[in-house]
Amino acid sequence: MRHTTNIWWGNAPMSGINDFVVKFATVNGSGSASANTMFAKTLFRMGIPVSPKNIFPSNIQGLATWYEVRVSEKGYLARRAGIDLMVAMNPQTYAEDLAAVVPGGWLMYDSTMPRKWARDDITVLAMPIAQMCAKKWSDPRQRQLFKNMVYVGALTVLLEMDMDVVKTVVGDQLKGKEKLVNANMEALELGRAYAKEHFQCPLPIKVRHADGAKGKILVTGNEAGGLAAVYAGATVCAWYPITPSTSLAEGFEKHAKRLRKTKDGKNLYAIVQAEDELAAIGVAIGGGWNGARSFTATSGPGISLMSEFLGLAYFAEIPVVLFNIQRGGPSTGMPTRTGQPDITICAYASHGDTKHVLLFPSDPTECFSMGADAFDLAERLQTPVMVLSDLDIGMNDWVCDPFQWDDTRVLDRGKVLDAAALEGFKDKRGQPWGRYLDADGDAIPYRTLPGTHATMGAFFTRGTSHDEYARYTEDGTIHARMVDRILRKFGTAAKLVPRPEIVTRDTACRTGVIYFGATRPAVLEGLDELAARGIMLNSMRLKAFPFGDEVKAFCAAHERIFVIEQNRDAQMRSLLMVEAGVPQEKLIATLSYDGTPMTAAFVRETILKHMQPAKAQAAE
């Protein structure tokens, strides 16, 4: 093995200061997640933008798990191909972990059982971690847990991490557990002492204080979504546990316990862990029918089970919010991997003619803002609104802008009649009130809530066909009139949902890129890399469905468009063809669906293969 003092890319040495990737290869259930998170948080608190990605199996313990941390002072947050420093703690994955290290990189491993490595272009940092822990602690569980803190301790020296910040992070994460704090610090010092004595420190890749993360927060999308529901006034959460959405409902409960109580301790919210997804969406719809702001959280398999009830809410025009934290499919698929495979099923969830409002947040900040807006939209439109996040956004920590909330904001409850308005409806509108009557021409009727009036405002809520006054009918003409009116309401929604984000790099360019959700970091970095090669592409980030006029205009202005998404069947591309009328020959499917977060290299190379096929083939 050789020791390098610089990483060489071509003819130019690169220091790697605040610009590298560290990957931890461990075993699920070994307690490594806590130590790895402390590592990432320390760098973040040093002001360095980081992007941690936890890649874990769906079993409880025993299988391989990885935790990647990309460090980028420039603020690039996409997962990057190639690992500069691999901490290989799982013998079962040594071969693939070794292969992932870039030439000139480093591999740290537990050399309690020494190994020979089949590469001479990397530096091996051998450290007998298990042996060190066996000498220090007699308890087997402590030996297992503190192995993680020992390698983190070594990294603090190798990368020149600020120990004052490290101590603060450890103290915060183990707040109130002083014995654990002291024991973890002992493990850190054990690793630090070994690194100082046996390794050339620091490595060329190292960290220093920076400003890139100042003013930012480090948070998961599910935490943001749960908090959004509290701020939006939600009082009913009904859910059934399913990875990766569970922590969103738990986040709502945690914050509601703190913020939704009277002075005498009475809860001002209800949270129901239902017996299955069907019951969960049923309870949530019932809450919306009664006038509560109500929601559920699930993932792809849950959407499948909830579809019939979603059709009821659509046709009976009952507001409800659904957070779909997407994961890999089909069927059970890859429950702990990310993706965007639920676009089509959510857009048209349920049988018959249904069409739903979808929001596409790209980070936790937007999970908060769009999550809150979803409740306004649901009540304004009297329909289900779905927030489509995914496992990457939902469960991984993201460096993002702090959440903003206007304390003067008035919640949009939509067209809800009180007793006085109900009594004066005929005089004001010239016709009696009807639950499904379009009195204003915007396709949105007025609704009443249970108990509004002693003698007025009652109606049957039914999933069968009905007329403007909620009366049962099998008259085909009336039925067609009702479903056509609801479809016009979808047109109203197109004017209310968030506008797309359009970036014009070259007004003369006729090639565009369309993307949405968690692909944003990879696409932005990939477009920057293409621009550095002189390829300037315009881009549009979709934030919602239905599509507004801006989406159609962008597509009309470009001759070919790369549609970048994380599913096999190019579902967003299909939606653009069907709902925006974009010719299919314009739209180039650009698809990544291996369950891992997208990389800028994928975006760059896929586009280059289409735009410069001869050069791309020569490079291969």
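Given the structure is predicted, the values throughout are model-derived calculations rather than measurements. (Residues numbered from 1 in each chain as written. Predicted model: local features only at pLDDT ≥ 70, side-chain atom pairs only at ≥ 80, totals over all residues. Heavy atoms only, no water.)

## Digging into the pairing of strand β21 (residues 560-565)
Thinking step 1. The element β21 is largely enclosed, with a buried count of 5 among its 6 residues.
Thinking step 2. The sheet contact formed by strand β18 (residues 511-516) and β21 spans 4 bridges and is parallel. Within the sheet, the bridge partner assigned to Gly-512 lies in β21 and is Ile-561.
Thinking step 3. As paired elements, β21 and strand β22 (residues 587-591) share 5 bridges and run parallel to each other. Bridge pairing in β22 links Phe-562 to Ile-588.
Thinking step 4. The parallel pair β21 and β22 is bridged by helix α19 (residues 571-580), and the resulting crossover is right-handed. (Buried < 20%, exposed > 50% of the residue type's maximum accessible area, 1.4 Å probe, protein only. Helix = DSSP H or I, 4+ residues; strand = E, 2+ residues; numbered from the N terminus. Pairing = 2+ DSSP bridges. Right-handed = clockwise from strand over helix to strand, strands pointing away.)

## Some details on the packing of helix α7 (residues 221-231) against helix α8 (residues 246-259)
Thinking step 1. Taken N-terminus to C-terminus, the directions of α7 and α8 make an angle of 45°; their axes are 7 Å apart at the nearest point. Considering their axes alone, α7 and α8 lie oblique with respect to each other. As for how α7 packs across α8, the hand of that crossing is right-handed. Seen from α7, the contacting residues are Asn-222, Glu-223, Gly-225, Gly-226, Leu-227, Ala-229 and Val-230; seen from α8, they are Ser-247, Leu-248, Gly-251, Phe-252, Lys-254, His-255, Ala-256 and Leu-259.
Thinking step 2. Counted by class, the contact of α7 with α8 contains 7 nonpolar, 6 polar and 2 charged residues. (Axes fitted to C-alpha atoms, helices over the stretch in contact; angles between N-to-C directions. Parallel < 35°, antiparallel > 145°, perpendicular 65-115°, else oblique. Left-handed = near helix turned anticlockwise from the far one by under 90°. Contact = heavy atoms within 4.5 Å. Nonpolar A, V, L, I, M, F, W, Y, C, P; charged D, E, K, R; others polar.)

## Some points on the nonpolar core
Thinking step 1. In terms of nonpolar packing, the biggest core is built from 75 residues, with Phe-252, Phe-295, Phe-323, Met-386, Phe-547, Met-572 and Leu-576 touching the most fellow members.
Thinking step 2. By residue number, the principal contributor to this core is helix α12 (residues 364-381), which donates 7 residues.
Thinking step 3. Excluding residues that lie within four positions of it along the chain, Met-386 makes contacts with Ile-303, Leu-310, Leu-322, Cys-346, Ala-349, His-356, Val-357, Leu-358 and Leu-359.
Thinking step 4. Counting residues in each nonpolar core, the second largest holds 59 residues, with Val-22, Met-149, Val-165 and Leu-188 among its members. (Core = buried A, V, L, I, M, F, W, Y, C linked by side-chain atoms within 4.5 Å.)

## A word on the sheet that holds strand β4 (residues 50-55)
Thinking step 1. Strand order across the open sheet formed by 6 strands is β4-β5-β3-β6-β7-β8, with mixed pairing between neighbours. Here the strands that pair on one side only, and so sit at the sheet edges, are β4 and β8 (123-127). In this sheet, neighbouring strand axes are inclined to one another by 15° on average, regardless of whether the strands run parallel or antiparallel.
Thinking step 2. The sheet contact formed by strand β6 (residues 83-88) and strand β7 (residues 101-110) spans 5 bridges and is parallel. Within β7, the position partnered with Ile-83 by the bridge is Val-101.
Thinking step 3. Running over the sheet, helix α4 (residues 140-158) touches β3 (19-27), β6, β7 and β8 and is turned about 135° from β7.

## Description of the sheet that holds strand β14 (residues 357-359)
Thinking step 1. Strand order in the open sheet made by the 7 strands is β11-β10-β12-β13-β15-β14-β20, with mixed pairing throughout. Where the open sheet ends on each side, the last strands, each with one partner, are β11 (270-273) and β20 (544-545).
Thinking step 2. Relative to strand β13 (residues 320-326), strand β12 (residues 294-298) runs parallel, the two being bridged by 4 bridges. Within β13, the position partnered with Thr-296 by the bridge is Leu-322.

## Here we look at helix α16 (residues 476-494)
Thinking step 1. Relative to the 27 Å expected for 19 residues at 1.5 Å per residue, α16 spans 28 Å between its end C-alpha atoms, a close match to the ideal helical length.
Thinking step 2. Restricting attention to buried positions, one finds in α16 the residues Ile-478, Met-482, Arg-485, Ile-486, Lys-489, Phe-490, Thr-492, Ala-493 and Ala-494.
Thinking step 3. On its buried face, α16 sits against α10 (300-316), β14, α12 and β20.
Thinking step 4. Capping the start of α16, Asp-475 holds a side-chain oxygen 2.9 Å from the backbone nitrogen of Thr-477, two or three residues further along. (Expected span 1.5 Å × (residues − 1). Polar contact = N/O pair within 3.5 Å; in protein donor to acceptor, adjacent residues only side chain to side chain.)

## A closer look at the environment of Gly-82
Thinking step 1. Checked against the element boundaries, Gly-82 lands in the loop between β5 (64-72) and β6.
Thinking step 2. Given the relative accessible area of 23%, Gly-82 is considered partly exposed.
Thinking step 3. When the C-alpha atoms of Gly-82 and Ile-303 are compared, they prove to be 35 Å apart, with 221 residues separating the residues in sequence.
Thinking step 4. When residues no more than four places from it in sequence are discounted, the contact partners of Gly-82 are Val-21, Ala-100 and Val-102.

## Structural notes on the state of the cysteines
Thinking step 1. In total, this model carries 0 disulfides according to the counting rule given.
Thinking step 2. Cys-201 supplies the cysteine sulfur nearest to Cys-133, a cysteine that is in no disulfide, at a spacing of 18 Å. (Disulfide = S-S within 2.5 Å.)

## Re the confidence of the model for the chain
Thinking step 1. On average, residues of the chain carry a pLDDT of 94, and 96% of them reach 70 or more.
Thinking step 2. Scored below 50 in pLDDT, residues 1-14 shows 30 contacts in the model against residues more than four places distant or in partner chains. (pLDDT = per-residue confidence, 0-100.)

## Focus on unusual backbone geometry
Thinking step 1. Between Thr-243 and the following residue, Pro-244, the backbone shows a cis peptide bond with an omega angle of 5°.
Thinking step 2. Topologically, Pro-244 is positioned in the loop between β10 (236-239) and α8.
Thinking step 3. The amide bond that connects Phe-545 to the next residue, Pro-546, takes the cis arrangement and shows omega of 15°.
Thinking step 4. With a phi close to 55°, Asn-18 is a non-glycine residue in the positive phi region.

## Quick word on the pattern of salt bridges
Thinking step 1. Applying the stated rule across the entire model yields 38 salt bridges.
Thinking step 2. Linking Glu-68 and Lys-23 is a salt bridge whose minimum nitrogen-to-oxygen distance equals 3.4 Å. Taken together, the residues Glu-68 in strand β5 and Lys-23 in strand β3 connect sequence positions 45 residues apart.
Thinking step 3. Overall, the relative accessible area of 3% leaves Glu-68 in the buried class.
Thinking step 4. The class for Lys-23 is buried, based on a relative accessible area of 11%.
Thinking step 5. The salt bridge involving Glu-468 is made with Arg-481; its shortest N-O contact spans 2.7 Å. With Glu-468 in the loop between α15 (425-429) and α16 and Arg-481 in helix α16, this residue pair connects regions lying 13 residues apart in the sequence.
Thinking step 6. Judged by relative accessible area, which is 15%, Glu-468 ranks as buried. (Salt bridge = Lys/Arg side-chain N within 4 Å of Asp/Glu carboxyl O.)

## Quick notes on the side chain of Lys-415
Thinking step 1. Residue placement: Lys-415 occurs in the loop between β16 (397-400) and α14 (419-423).
Thinking step 2. Note on Lys-415: relative accessible area 13%, which makes it buried.
Thinking step 3. Polar side-chain contacts of Lys-415 include one of 2.7 Å to the side chain of Asp-440.
Thinking step 4. Of the polar contacts made by the side chain of Lys-415, one reaches the backbone oxygen of Ile-444; its length is 2.9 Å.
Thinking step 5. The contacts of Lys-415, once residues within four sequence positions are left out, are Gln-382, Asp-440, Asp-442, Ile-444, Pro-445, Tyr-446 and Arg-447.

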